[in-house]
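A structural walkthrough
In case you want the letters, here they are:
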2 protein chains.
Amino acid sequence: MAKVGDRVKVQSSDTNYEGTVIPSSDKQKDVLMLKLNSGYNIGIKIDKNTKINIIGEFSGIKASPPEKYSHKPGLPNVTLIATGGTIGSKVDYKTGAVHMLMSPDELIANVPELTEIVNLKKILRPFSLASEDMSSAEWQKIAEEVEKELNSGADGVIVTHGTDTLHYTGAALSFMLKNLSKPIAIVGGQRSSDRGSFDGAMNLICAAHYCKSNIAEVAIIMHAEPSDSYCFAIRGTKARKMHTSRRDAFRPINDLPFAKIWKDGRIEIINKNFRERKDTKVSVESRFENKIALIKYFPGADPAILDYFVKEKYKGMIIEATGLGHVAVQPLNKKNSWLGAIKNAIAKGVLVCFAPQTIYGRLDPFVYSNARMLHDAGVLYLGDMLPETAYVKLGHVLAYEKHIEQAKKMMLENMAGEINEKISEESFLY
Amino acid sequence: MAKVGDRVKVQSSDTNYEGTVIPSSDKQKDVLMLKLNSGYNIGIKIDKNTKINIIGEFSGIKASPPEKYSHKPGLPNVTLIATGGTIGSKVDYKTGAVHMLMSPDELIANVPELTEIVNLKKILRPFSLASEDMSSAEWQKIAEEVEKELNSGADGVIVTHGTDTLHYTGAALSFMLKNLSKPIAIVGGQRSSDRGSFDGAMNLICAAHYCKSNIAEVAIIMHAEPSDSYCFAIRGTKARKMHTSRRDAFRPINDLPFAKIWKDGRIEIINKNFRERKDTKVSVESRFENKIALIKYFPGADPAILDYFVKEKYKGMIIEATGLGHVAVQPLNKKNSWLGAIKNAIAKGVLVCFAPQTIYGRLDPFVYSNARMLHDAGVLYLGDMLPETAYVKLGHVLAYEKHIEQAKKMMLENMAGEINEKISEESFLY
């Protein structure tokens, strides 16, 4: 009988298939799950007419304990940190919802190629959460694990993660890990592992290739196109989930991806602006100030919301402003003006920053008079920083710097590629 | 001496130019502003060596009162409603900021071709505001003016508008104008009229062409590409400003544009899903419920913000949820869960809706268990509706329907193309 990881040829009543056996659902004992050469998974109903020929027995994955994964000399040592999300899930056939969690071993068994690319030195599972249930406590946990692994021999780290807030975590790791000298790949799936369109396998394979690369940056490794053509490696501070469901939902914003990565290991560098791999220690600064808010401005928004945050002793806020960095300043109905409430917040010591609601592009406080007035009142204009990245950076900065003028200076310093002085024309809607 | 609107050939010390004279800044008396055939504006310093030959005298624009604009038989009657914004502004050379407002006449003088395409039957200027200073009161005013004009002989209406919140106004007019039977073009500029890269001229020309078309919809008419190639006509409920400064910042979301429109009047229909021009009356429903909020979820967001809105007697809220429609439901730190606060808001009669934070794509409450729990709690999932459009629709619906179940039904009814049952693959990052 064929077992997980074996290469097989299957002859069923009408068609022939060739692929690798992957784990089947417990509910479907008579179905053989195959990962085809195309990267797609299929389930083949097995009956008395089905012939299965094992054409290559797989011996890479022996048993659950991580230390038992095969170690091939010459391959880099990579730690996998599994945090939950679709990439580690399958459908619960009772309810139809995706939430049956797999063990990391099961996940790896789904992607047997992994062990041919890197030595999976260690598998960690600090928690298992849907990414919308995560917050700064989880970012801290991941950052601390990554630091420990890198400083004890790992040549790279793969973090598997739910996709909903994967880009927030990308920013968090970028800011929390200092003097980064190895590649960190954050990878998710938009389809669960038991679906034919499972994208996590290719994403994981490309993440493993990324960990062998020279790019010592936190990058999000996800499909670049709807098909299984190649992945992007996108800077953790310049990525955004731009579609609810597409496999190529993650896009670089105001930046080009570091690279395109193919399943076969080919890496095409697109953006040379990265730190290179070194043999130096990494440090972690994982504290986070949680008393901060991300607020989206909208026409008619009552400025009293700012008073609420001041009253609740918030230390900082990122306001998603319109256009080049505007909110109502001179409306006909004076009660709608945000200028007074913003001045009050600043007077109370709140760090008020603007980031672009348009997502793409750069703020500029010097073109229109409304923005000049806001800028003069002390609003910090964050250039081309993504609102989500700005939120994470603000929590990071305020955890370490209580002096507001110093914190403002840090917000405008380019810490982890979050500010791009020169945005390529090509990067719009890339 | 050449006057505004004249076609001239200019011979200066080094180069020759041919174009149309447009108004110059009062501060630069010795500069002749020319719109070149390429669409770009230039300022030519006039000295004793400059020769100006008038090759075509312009007689279209006679004087300020609108009734005096030339009327050419056979051209449709179009009303222009000027509301402010960059398209009606030029740089104040004293401060360097853009805020010197032009009269609508001056605006039209900058675009003399307009009067060759349509009869500008009437020019209205209900107010003059930067669009970030507008809110529902201004949307109501514009909608009411549009209705009056359409029901008294206008074949179409052009609304000039600041770009920051132009898409919110696009949605507002789409919902407020009922039984629309004529084209409504909303048009802005990303560069002021005295800059060489002024885009408002081409946008206005294409808007005039749109008003001659058969498309009886509210559309945003803006550059489709950075160059002066052609404009898009984008559905008012499916448009978003996606860049702080590019001339092609407005993009269709989850939809294809109605059409591409060229300066020469060529119109290529891309999306046939529109109402056609008819000779029927239009009605207006311009009431708006202002006690609503647009709230962006972010990791670690304190659910107490929802309690604040409930306490302040808000009637409804649009929450920008992550991925397919999620917020924290089962976080490790129970205090971060939004489920309780959402249930409480719903119990207090607040209409709680989710729209996609990813911008592109469609929500689906039936894939993951967190969303199922939120859906079961009574959260209304708004499919592929843009958060900004959803906000405007909620204010419109709650102004007319106090019964919450009925209001929920209306939110899910496709009123003005805001819900797209079938999204073309091509439309992602279009």
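Counting starts from 1 at the beginning of each chain's written sequence and moves along it residue by residue. Working convention: letters from A go to chains and numbers from 1 go to ligands, in the order in which they are written. Side-chain atom pairs in this predicted model are given and counted only at pLDDT of 80 or more, local residue features only at pLDDT of at least 70, and totals for whole chains, interfaces and linings cover all residues.

1. Some details on the relation of the copies chain A and chain B
For the pair chain A and chain B, the superposition axis carries a translation of 0.0 Å, the fit reaches an RMSD of 0.1 Å, and the rotation angle comes to 180°. Accordingly, the operation relating the two chain copies is best matched by a two-fold axis. Taking C-alpha positions as reference, the residue of chain A nearest the rotation axis is L429 of chain A, located at 2.6 Å. Residue pairs are scored as contacts if the distance between their C-beta atoms, which are placed from the backbone, is within 7 Å. When the interface residues of chain A are mapped onto chain B, 98% of them again lie at the interface, so the same face is used by both copies. Here the copies are superposed with least squares, the fitted atoms being C-alpha atoms of residues at a pLDDT of at least 70 in both.

2. Let's talk about helix α3 (residues 136–150) of chain B
A run of H or I in DSSP counts as a helix once it spans at least four residues, and a run of E counts as a strand once it spans at least two, with each numbered from the N terminus. Expected span of a helix, by definition, is 1.5 Å for each gap between consecutive residues, and there is one gap fewer than residues. Under the 1.5 Å per step criterion, the end-to-end length of α3 of chain B is 21 Å for 15 residues, consistent within 8% with the ideal 21 Å. For α3 of chain B, the set of buried residues is S136, E138, W139, I142, A143, V146, E147, E149 and L150 of chain B. Three classes are used. A residue is buried when 20 or more other C-beta atoms lie within 10 Å of its own, exposed when 12 or fewer do, and partly exposed in between, with C-beta atoms placed from the backbone.

3. Topic: the nonpolar core
Working definition: the nonpolar core is a set of buried Ala, Val, Leu, Ile, Met, Phe, Trp, Tyr and Cys residues, joined through C-beta atoms within 7 Å. By size, the foremost hydrophobic cluster in this structure holds 264 residues, and its most contacted members are I221, A233 and C353 of chain A together with A185, I221, A233 and C353 of chain B. Sequence-distant contacts of I221 of chain A, defined by excluding residues within four places in its chain, comprise A185, V187, N203, C206, A207, Y210, C231, A233 and I261 of chain A.

4. A word on the packing of helix α6 (residues 304–311) of chain A against helix α7 (residues 339–347) of chain A
Axis angle and axis distance: for two packed helices, these are the angle between their axes and the distance between the axes, and together they describe the pair. Residue and element names in this part refer to chain A. Axis geometry follows a simple rule: fit a line to the C-alpha atoms, using only the stretch in contact for helices, then measure angles between N-to-C directions, giving values from 0 to 180 degrees. Interhelical geometry of α6 versus α7 gives an angle of 15° and a closest axis separation of 8 Å. Here α6 lies roughly parallel to α7, going by the angle between them. Every pair of crossing elements has a handedness; the one defined by α6 and α7 is left-handed. Contacts from L306, D307 and V310 of α6 reach α7 at A341, I342, N344 and A345. The classification used treats Ala, Val, Leu, Ile, Met, Phe, Trp, Tyr, Cys and Pro as nonpolar, Asp, Glu, Lys and Arg as charged, and all other residues, Gly among them, as polar. Taken together, the residues of the contact of α6 with α7 sort by class into 5 nonpolar, 1 polar and 1 charged. Reported orientations rely on four angle classes, namely roughly parallel under 35 degrees, roughly antiparallel over 145, roughly perpendicular from 65 to 115, and oblique for the rest. Take the far helix as your reference; a near helix turned counterclockwise from it by less than a right angle gives a left-handed crossing, and one turned clockwise gives a right-handed crossing.

5. Focus: the domain arrangement of chain A
Often, the extent of an interface is quoted as the loss of accessible area on bringing the components together. All names here are of chain A. Just so you know, the domain bounds were taken from an automatic or database domain assignment. Structurally, chain A comprises domain 1 (7–56), domain 2 (66–284) and domain 3 (292–412). Each of domain 1 and domain 2 was reduced to a C-alpha centroid, and the two centroids are 28 Å apart. At the interface, 11 residues of domain 1 touch 14 residues of domain 2. Among the secondary structure elements, those contributing two or more residues to the side of domain 1 that touches domain 2 are β2 (16–22) and β4 (41–45). When its residues are assigned to classes, the side of domain 1 that touches domain 2 shows 4 nonpolar, 5 polar and 2 charged.

6. So, the pairing of strand β10 (residues 156–160) of chain A
All names here are of chain A. Among the 5 residues that make up β10, 5 are buried, leaving the element largely enclosed by the rest of the structure. Residues G156, I158 and T160 point to one face of β10 and V157 and V159 to the other, with burial holding for every one of them. Any two strands between which DSSP finds at least two bridges are classified as paired. With 5 bridges joining them, strand β6 (residues 77–82) and β10 adopt parallel strand pairing. Of the residues in β10, the one forming a bridge with V78 is G156. Strand direction decides the pairing type here: β10 and strand β12 (residues 184–187), joined by 4 bridges, are parallel. Within β12, the residue paired with V157 across the bridge is I184.

7. Looking at the interface of chain A and chain B
Of the residues lining the interface, 58 residues belong to chain A; the matching set on chain B comes to 57 residues. At the level of secondary structure, the elements contributing two or more residues to the side of chain A that touches chain B comprise β8 (98–101), α3 (136–150), β20 (292–296) and α8 (369–376) of chain A. Examining the composition of the side of chain A that touches chain B, we find that 3 residues originate from one element, α8 of chain A, more than from any other. Classifying every residue of the side of chain A that touches chain B by side-chain character gives 29 nonpolar, 20 polar and 9 charged.

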